[in-house]
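Residue-level structure breakdown
Residue-level listing of the chains:
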Amino acid sequence: MRRNILAFAGILGVLIGLLWVAQGLGLVHWPPQSFMLEDRQWAIRGGVVAAIGVVLLLAMRRS
C-alpha cells in the first residue's frame, strides 16, 4: 500500500512540476488566463516539485 501511495505521489509530482516548468517558461499557454504564464519563479518551483516527485519514485523502488 505504501509503495502505491509513493508511486502515485511521485508521478503526480513529476507531471505537475513539468507543467509548471512549461508554463513558467512560456512553452505551454494553458489555461490561457493562468497567472503562472511566463513567470520564471513558477519554472523554478516546478523544477523543485518535479525533483521531489523523482525522489518519491526512487524511495518507492527502494522500499
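Everything discussed here concerns the structure shown above.
A brief report on the enclosed structure follows. (Residues numbered from 1 in each chain as written. Predicted model: local features only at pLDDT ≥ 70, side-chain atom pairs only at ≥ 80, totals over all residues. Heavy atoms only, no water.)

1. Some thoughts on the overall build of the chain
- A tally of helices and strands in the chain yields two helices and zero strands.
- For the chain, the residues scored as buried account for 30% of the 63 residues in total.
- Here the chain has roughly 4500 Å² of accessible surface; of this, 70% comes from carbon and sulfur atoms. (Helix = DSSP H or I, 4+ residues; strand = E, 2+ residues; numbered from the N terminus. Buried < 20%, exposed > 50% of the residue type's maximum accessible area, 1.4 Å probe, protein only. Areas by Shrake-Rupley, 256 points an atom, 1.4 Å probe, with all protein chains shown as cover.)

2. Quick notes on helix α2 (residues 40–62)
- If you check α2, its first and last C-alpha atoms are 33 Å apart, about what 23 residues at 1.5 Å a residue would give, namely 33 Å.
- Listed as buried for α2 are Trp-42, Ala-43, Gly-46, Ala-50, Gly-53 and Met-60.
- Where α2 is buried, its residues meet α1 (2–24). (Expected span 1.5 Å × (residues − 1). Contact = heavy atoms within 4.5 Å.)

3. Observations concerning the packing of aromatic side chains
- For the coordinates displayed, the defined rule picks out two aromatic pairs.
- Centre to centre, the rings of Trp-20 and Trp-42 are 5.2 Å apart; their planes meet at 85 degrees, and the pair counts as edge-to-face. One end of the pair, Trp-20, is in helix α1; the other, Trp-42, is in helix α2, and 22 residues separate them in sequence.
- Note on Trp-20: relative accessible area 25%, which makes it partly exposed.
- Since its relative accessible area comes to 16%, Trp-42 is described here as buried.
- On the basis of an interplanar angle of 70 degrees and a centroid distance of 5.7 Å, the ring pair of Phe-35 and Trp-42 is categorised as edge-to-face.
- Exposure remark for Phe-35: the relative accessible area of 63% places this residue in the exposed category.
- Taken together, the ring pairs in this structure connect Trp-20, Phe-35 and Trp-42 into an aromatic cluster. (Phe/Tyr/Trp six-rings, centres within 6.5 Å; stacked < 30°, edge-to-face > 60°.)

4. Structural notes on the side chain of Gln-23
- Here Gln-23 is to be found in helix α1.
- Within polar-contact distance, the side chain of Gln-23 engages the backbone oxygen of Trp-30 at 2.2 Å.
- Sequence-distant contacts of Gln-23, defined by excluding residues within four places in its chain, comprise Val-28, Trp-30, Pro-31, Ser-34, Met-36, Leu-37, Glu-38 and Asp-39. (Polar contact = N/O pair within 3.5 Å; in protein donor to acceptor, adjacent residues only side chain to side chain.)

5. Digging into the environment of Val-28
- Tracing the chain through its elements places Val-28 in the loop between α1 and α2.
- Residues contacting Val-28, with those up to four places away along its chain left out, are Leu-19, Ala-22, Gln-23 and Leu-37.

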